[in-house]
Amino acid sequence: MTSSSRRVLPGFGLSLGYALVYLSLLVLIPLGGLVLKASTLTFAEFWRIATTEQAIASYRVSFGASFAAAAINAVFGTLVAWVLVRYPFPGKRLVDAFVDLPFALPTAVAGITLATLYAGNGWIGRHLEPLGVKIAYTPYGIVVALAFITLPFIVRTLQPVIEDIEPEIEEAAASLGASRWQTFAKVLFPAIFPALLTGFTLAFSRALGEFGSVIFIAGNLPMVSEITPLLIIAKLEQQDVVGATALAVVMLAISFVLLLTINALQWWAASRHKGRTA
Amino acid sequence: MSITIQNITKRFGNFVALDGIDLEIPTGELVALLGPSGCGKTTLLRIIAGMETADGGEVLFSGQEATHLHARDRNVGFVFQHYALFRHMTVFENVAFGLRVKPRKERPGNAEIRKRVMDLLALVQLDWLADRYPSQLSGGQRQRIALARALAVEPKVLLLDEPFGALDTKVRKELRRWLRRLHDEMHISSVFVTHDQEEALEVADRVVVMNHGRIEQIGSPDEVYSNPASPFVYQFLGNVNVFRSRVHGAWAEVGRGESAGDGETLAFVRPHEIDIEHAPVANGLEAQVQDVHPIGPVVRVELAHASELIEVELTRERADGLGLAKGQHVWLRPRQVKVFAAPEAAAYPLEEGGSGI
């Protein structure tokens, strides 16, 4: 008897092979091609292209705005998920469906709409302008667009986890003398934290790659509100394919390191109560 | 601490969960709220704990008004049917929770917390599990941890909502004896909710039998079992055979002394209070043996009289002595009968067989 025939679940070889081929065709081969293309540059050339002032400013805008958007949604998305799970109210299903809209809407439409609303003469921008707050055509505009795009990632990741928390857990905490805040900080938050981290990661990575909605609201001022994907497009339009791939590889590397770090954080959070699934 | 419940009512929409409940629970007593599901027993417990607000009536702790006190200010220990342990905390941290959330000036130091938690874990005999997570424990262990957690804040009242409901029979029996011993040691006023009459009769000092949001009877376990106040209590506490007097003329004779009416009465006889004889006996009822089931130490005999099924429970020795066989004709003699007037009894739909004890 071979060791593989002793497995209880059938089809391991076939399904693993399929999974690897699929992953390769869709993810690994294109990304490998990207790295290969970039490797036609010498390291000195690569470094020069990747570290121009404009490029570095664009990394800062891209990663900064994505992080800010994911962080904002980590707070308010959690609130939305909580309200949708815990409280019955009229029109709840409708509100629940709204959450998915950013998934479905073409991002360019979202970008144009947000830009119109937040522009100095728009419905919302009109009231913010006198207060000295400019949203459209600034980095804040980018954050607003990204927050819009990434909301469903946080809400949809958290909903099932919040549903899983029995109200009895809160009652137990209350009967033991915990205040509302203590119940949240010591009981509820630790329970949703791993899922929140997952949602944050998804939102953050989605925001990094976002292009369509951002370019309409960002104003695209070099050094101020220009995101890296836009810089890549600009290089492509100038037929500078190698330069574009160099920037893309930098993005890829930074994203990969960040995602790996967040994943490590998740493993750590999960291992703190590894017994959960036992 | 004593608990006084005065005229508590609670509705959920059109459903009346509690209909004017009055109850006095003296200090140090272990009281069981017993009833079928939907009788309002859990709602009453949750109102005592402050997790549900009553529509009317008052709850007093040691004579002090507590109706509007928040759950966290009632100093009540609550144990849930499904444990409600904090999954991301170790057993130790679960038990320590109540101490750690105390206001800073009342909060004991870390060494003190450690000592109190380990003492409690020793009390529930699970000190060796301090570093485990709840999901690594069995149901019985989880419930004991939940109990230790509730006791950590030194509550004046302990409330348990179907504490053994999710456990298997053997663990349940072990745990309820253990709870009884624990209660005798701690002497804290305790109220537990159950739908299992055996549990209530075995563990409690006093049993409160509830039905349809009302209290049917309050009494010692012996009292409610041997002297049920209503047909419902009779039926709910153990198996019972019900005889309509007009059908079973001979048996109505037995009960006539206690009964006011004639013909419109129902006679209740427990299966173990009937003797089986081979020879005809005075006031006996002829019946045919349908089936014989030996169940552990007792033998359950099903008999038919006309179209009605009668259940009799014999000791194994007695059954062996009789040597019953299917189809045999025998005579039944009741040792104890309780008669209720039919209109009163008719208010309660009679369930076939009831629940076994």
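These numbers come from a predicted model, not from an experiment.

(A) Quick look at helix H2 (residues 43–50) of chain A. Residue and element names in this part refer to chain A. Within the sequence span of H2, burial applies to Phe46, Ile49 and Ala50. Down the axis of H2, the smallest arc covering the buried residues is 95°, so these residues share one side. Across H2 from its buried face, at more than 90 degrees, point the exposed residues Ala44, Trp47 and Arg48. Each element contacted by the buried residues of H2 is listed here: helix H3 (53–86), helix H12 (228–237) and helix H13 (241–271).

(B) Summary view of the packing of aromatic side chains. Residue and element names in this part refer to chain A. All told, the structure shown has 14 aromatic pairs over all chains when counted by the stated rule. Ring centres of Tyr18 and Tyr22 lie 5.9 Å apart, and the angle between their planes is 20°; on these two criteria the pair is classed as stacked. Linking Tyr18 with Tyr22, this pair stays in helix H1 (residues 12–38), spanning four residues, or about one helical turn. According to the relative accessible area criterion, Tyr22 is partly exposed, its value standing at 47%.

(C) Seen up close, the environment of Thr183(A). Residues and elements named next belong to chain A. On the secondary structure map, Thr183 appears in helix H10 (residues 180–209). Here the alpha-carbon distance between Thr183 and Ala173, two residues 10 residues apart in the chain, equals 6.1 Å. Excluding residues within four positions of it along the chain, Thr183 makes contact with Glu170, Ala173, Ala178 and Leu188.

(D) Examining the pairing of strand E3 (residues 30–34) of chain B more closely. Residue and element names in this part refer to chain B. Burial runs high along E3: five of the five residues are buried. Neither face of E3 is left uncovered, since the one carrying Leu30, Ala32 and Leu34 and the one carrying Val31 and Leu33 both have all their residues buried. One ladder, built from five bridges, connects E3 with strand E8 (residues 189–194); its direction is parallel. Bridge pairing links Leu30 to Ser190 in E8. In the sheet, E3 pairs with strand E9 (residues 206–211) via four bridges, with the strands oriented parallel.

(E) Local environment of the sheet that holds E8(B). All names here are of chain B. Strand order in this open sheet of six strands is E6-E7-E8-E3-E9-E10, and the pairing throughout is mixed. Of all strands in the sheet, those bounded by a partner on one side alone are strand E6 (76–79) and strand E10 (214–219). Direction aside, neighbouring strands of the sheet carry axes that sit 15° apart on average. As paired elements, E6 and strand E7 (residues 157–161) share four bridges and run parallel to each other. In the strand pairing of E7, Phe78 is matched with Leu159.

The rules behind the values
- Residue numbers restart at each chain and count upward from 1, following the sequence in its written direction.
- Labels are handed out in written order, letters beginning with A for the chains and numbers beginning with 1 for the ligands.
- In keeping with the model being predicted, local features are shown solely for residues with a pLDDT of at least 70 and side-chain atom pairs are shown and tallied solely at 80 or more, while totals for entire chains, interfaces and linings include all residues.
- Hydrogens and water are ignored here; the side-chain numbers use all heavy atoms of the structure.
- To sort residues, take the accessible area from a 1.4 Å probe on protein chains only and compare it with the maximum for the residue type: under 20% means buried, over 50% means exposed, and anything in between is partly exposed.
- Secondary structure elements are taken from DSSP: a helix is a run of H or I of four residues or more, a strand is a run of E of two residues or more, and numbering for both begins at the N terminus.
- When we speak of the arc, we mean the arc of directions from the helix axis to the C-beta atoms.
- What makes two residues a contact is simply this: any of their non-hydrogen atoms within 4.5 Å.
- Paired rings are identified among Phe, Tyr and Trp, the last through its six-membered ring, by centres lying within 6.5 Å, and are further divided according to the angle between planes into stacked (under 30 degrees), edge-to-face (over 60) and tilted (the rest).
- By definition, two strands form a pair when at least two bridges between them are found by DSSP.
- Axis lines are fitted to C-alpha atoms, over the contacting stretch for helices. Their N-to-C directions set the angle, which ranges from 0 to 180 degrees.

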